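Read off the chains here:
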Amino acid sequence: MKIDMGPCSITLRLQTVNQLRKACLSLAKSSAGQNIQKQFSTNKSVQRTSQALGH
């Protein structure tokens, strides 16, 4: 399987990644995300998200 490395394809992938990143960070700011941060504070993924949020 070949990956399309054309300029339009790369731009589209970067935009999609940016949208997903923003969605994940906004979910992490929700009350459910805050509960997860408290319950699983030792989880590496949770720690990285908290750090990205500036906590």
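Our structure's up above, just so we're on the same page.
Just so we're clear, the structure is a prediction, and the values are computed from it rather than from any experiment. (Residues numbered from 1 in each chain as written. Predicted model: local features only at pLDDT ≥ 70, side-chain atom pairs only at ≥ 80, totals over all residues. Heavy atoms only, no water.)

A. The arrangement of the overall build of the protein chain in detail. Within the protein chain, the regular secondary structure consists of three helices and zero strands. Across the protein chain, helices and strands are ordered from the amino to the carboxyl terminus as α-α-α. Over its C-alpha atoms, taken along the principal directions, the protein chain stretches across nearly 45 × 20 × 15 Å. For the protein chain, the proportion of its 55 residues judged to be buried stands at 16%. (Helix = DSSP H or I, 4+ residues; strand = E, 2+ residues; numbered from the N terminus. Buried < 20%, exposed > 50% of the residue type's maximum accessible area, 1.4 Å probe, protein only.)

B. Layout of the packing of helix H1 (residues 7-29) against helix H2 (residues 31-39). The N-to-C vectors of H1 and H2 enclose an angle of 75°; their axes lie 4 Å apart at closest approach. Taken together, the axes of H1 and H2 are roughly perpendicular relative to one another. Two secondary-structure elements touch here, H1 through Leu27, Ala28 and Lys29 and H2 through Ser31, Gly33, Gln34 and Gln37. Each residue belonging to the contact of H1 with H2 can be placed in one class, and the counts come to two nonpolar, four polar and one charged. (Axes fitted to C-alpha atoms, helices over the stretch in contact; angles between N-to-C directions. Parallel < 35°, antiparallel > 145°, perpendicular 65-115°, else oblique. Contact = heavy atoms within 4.5 Å. Nonpolar A, V, L, I, M, F, W, Y, C, P; charged D, E, K, R; others polar.)

C. Highlighting the packing of H1 against helix H3 (residues 44-53). Where H1 meets H3, the axes come as close as 10 Å, and the angle between the chain directions of the two elements is 95°. In this view, H1 runs roughly perpendicular relative to H3, as classed from their interaxial angle. Across the interface between the two elements, Leu25, Ala28 and Lys29 from H1 touch Thr49, Ala52 and Leu53 from H3. For the contact of H1 with H3, the per-class residue count stands at four nonpolar, one polar and one charged.

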